[in-house]
Amino acid sequence: MNNYNDYVKHSKKITDVNMSMAVLGWDQETKMPKNGSRFRAQQLSTLAEISHELSTNKEYGNLLNNLNSDDSLNSDQRRNISLSLKAFNKSKKYKSEFIIEESKLVSNAFQKWRLAKEKNDFSIFESSLTKLVDLRIKECEILGYENHPYDALLNQYEPGLTTNDVDKIFSNVKEFLVPFIKRISKSNKINDSFYYQKYSHNKQWDFGIELLKKMEYNFDSGRQDLSAHPFSTHFSPEDTRVTTRVDEDNLSEMIWSCIHEGGHALYEQGILSENYGLPLGETISLGIHESQSRLWENNVGRSLEFWKYNYESLKSIFPNQLSDVTVDDFYKAANNVKPSLIRTNADELTYHLHVLIRYEIEKALIEGKIMVKDLPEIWNLKYNEYLGVEVPSDALGVLQDIHWSHGNFGYFPTYTIGSFYAAQFFNQAKIENPNLLKEIEDGNNKNLLNWLRKNIHNNGKRLDADKLCEKISGEKLNFKYFKEYVIEKYSKIYSL
Ligand code: CO
């Protein structure tokens, strides 16, 4: 291996292995029969080992180091080399004992968490979670950080984001959103009861497919299936899949999870195929990924314009359920703000308080300021303080999310910054295309998608998240865009 083409070949090989793991992972969540799980775990772990070997191969490291000082490369090539070298150096930091210990702890913790949630008994999960937190504290030291150990964890998902940045973001959230939500809760109530009638599974499914088509999701390069928890995954820009969940007693569940995952998938479909297997053929970060799903879910999918176009078709599918419901009623109900227990069912405002609580807890755990055994009590206190709700059980409280059982710490804040990026990007798209809302009202989302393609998707990892944001909007991530969007939208809905 001695030149750029050798690098490209090797990098693609690593991607081929990783994408094959993704196919097996997708199958596991959607189609695999129960008895498939034993050997599937083995197959995935073999591929993970091969991927790790390829990613830390000594010759590959030498090649990357040589190419990193090669002046004859163009800027895209240099960008690929620099990002691959960074990933290589990071992989090298992990000893195989750490990887093995991590995989054992996670698989154990996941089983314990499932059981604990089922039995509503946190103590079943406590010791596994304690071990996982200790492992992450160790990992922060392995990876290194400048100011705060939690930075090392954040960086896994959102390169460049620091604990200091997140503290600032959440102080804005607290200062603005907490009193704003209080004002809403004192104003008139919105009726959303019509969501909770019987809506047949098959008709909902068909409508979801229709929504994805309206968003310009390409079914020749993707498909939708059912899964217990909706997700999107990709094997290349030409095969990018989504899943959804249909609840016959709650129409909103399918609609917005479908649009959300569709937004993620559109990002992957917009990556340039010519960059497959290289960093420029990858998405930037979880925060930017989430900005794409949230932009479609909230800024588009919960707008009056979107429903002025799509509501007639929904109503024709469910004439009995929606005969007395106007498009305005439907829109308002889609934006009903109501503090609740479960993050994934939260509205787009209280959602960030759910994330804030998890962030405060994770940070304190990594700092060693709180103990895992005290989590249920801390959780319940915080839910009372920020959302004003009483948590009736740990299953509906501290045990609700899967992330900690997978050992994912540093992940939650990307949900919130994704929403804030979405507001900033959508605002810019409207400035550059003053007709945008009118187009959405006419059922035409092509220009919006083209704008996202050109400014975000097609670039892959060419820029870091903050640089991309600056290039698009002229400034770094700024909370004011989300704040303005919220004030404008909800003042009208709630006549504040
Ligand atoms: Co998402």
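About the cut-offs
Residues numbered from 1 in each chain as written. Predicted model: local features only at pLDDT ≥ 70, side-chain atom pairs only at ≥ 80, totals over all residues. Heavy atoms only, no water. Donors = N, O, S within 2.8 Å, 3.2 Å for Na, K, Ca; no water. Helix = DSSP H or I, 4+ residues; strand = E, 2+ residues; numbered from the N terminus. Domains from an automatic or database assignment. Buried area = accessible area lost by both parts, 1.4 Å probe. Salt bridge = Lys/Arg side-chain N within 4 Å of Asp/Glu carboxyl O. Polar contact = N/O pair within 3.5 Å; in protein donor to acceptor, adjacent residues only side chain to side chain. Nonpolar A, V, L, I, M, F, W, Y, C, P; charged D, E, K, R; others polar. Phe/Tyr/Trp six-rings, centres within 6.5 Å; stacked < 30°, edge-to-face > 60°. Buried < 20%, exposed > 50% of the residue type's maximum accessible area, 1.4 Å probe, protein only. Lys NZ or Arg CZ within 6 Å of the ring centre and 35° of its normal.

Which parts of the structure should I look at to understand the coordination of the cobalt ion?
For a metal bound by four donors in a tetrahedral arrangement, the ideal donor-metal-donor angle is 109.5 degrees, while six donors in an octahedral arrangement ideally sit at 90 or 180 degrees. Bound to the cobalt ion on the protein side are His260 (NE2), His264 (NE2) and Glu290 (OE), at distances that span 2.2 to 2.3 Å. Linear spacing of the donor residues for the cobalt ion on their chain is H-x3-H-x25-E. With a gap of 26 residues between them, His264 in helix H10 (residues 251-269) and Glu290 in helix H11 (residues 286-300) connect regions that are remote in the sequence.

Would you mind going over the domain arrangement of the chain with me for this structure?
A common way to state how big an interface is: give the accessible area lost once the parts meet. In terms of domains, the chain is made up of domain 1 (4-144) and domain 2 (163-494). Placing a centre on the C-alpha atoms of domain 1 and another on those of domain 2 gives a separation of 26 Å. Summing the contributions of domain 1 and of domain 2, the shared interface buries around 3300 Å²; its carbon and sulfur component is 66%. Among the residues of domain 1 in contact with domain 2, Trp26, Arg79 and Phe122 are the three that bury the most area, contributing 20% of the side total. There are three salt bridges connecting domain 1 and domain 2. Where domain 1 touches domain 2, the interface holds 15 residue pairs in polar contact (both at pLDDT 80 or more). Broken down by element, the residue count for the side of domain 1 that touches domain 2 peaks at 12 residues, all from helix H1 (residues 4-30). For the side of domain 1 that touches domain 2, the per-class residue count stands at 19 nonpolar, seven polar and 10 charged.

I keep staring at the packing of aromatic side chains and nothing clicks. Help me out?
The relative placement of two aromatic rings is captured by the distance of their centres and the angle of their planes. Tallied over the full model, the rule gives 35 aromatic pairs. With centroids separated by 5.1 Å and ring planes inclined at 15°, the aromatic side chains of Trp379 and Tyr383 adopt a geometry described as stacked. Taken together, the residues span about one helical turn, with Trp379 and Tyr383 both in helix H16 (residues 375-387) at a distance of four residues. According to the relative accessible area criterion, Trp379 is buried, its value standing at 2%. The class of Tyr383 is buried, set by a relative accessible area of 0%. An aromatic cluster is present here, built from Tyr157, Tyr351, Trp379, Tyr383, Trp404, Phe409, Tyr411, Phe412 and Tyr415 joined pairwise through their rings. The side chain of Arg241 reaches across the aromatic face of Trp26, ending 4.5 Å from its centre.

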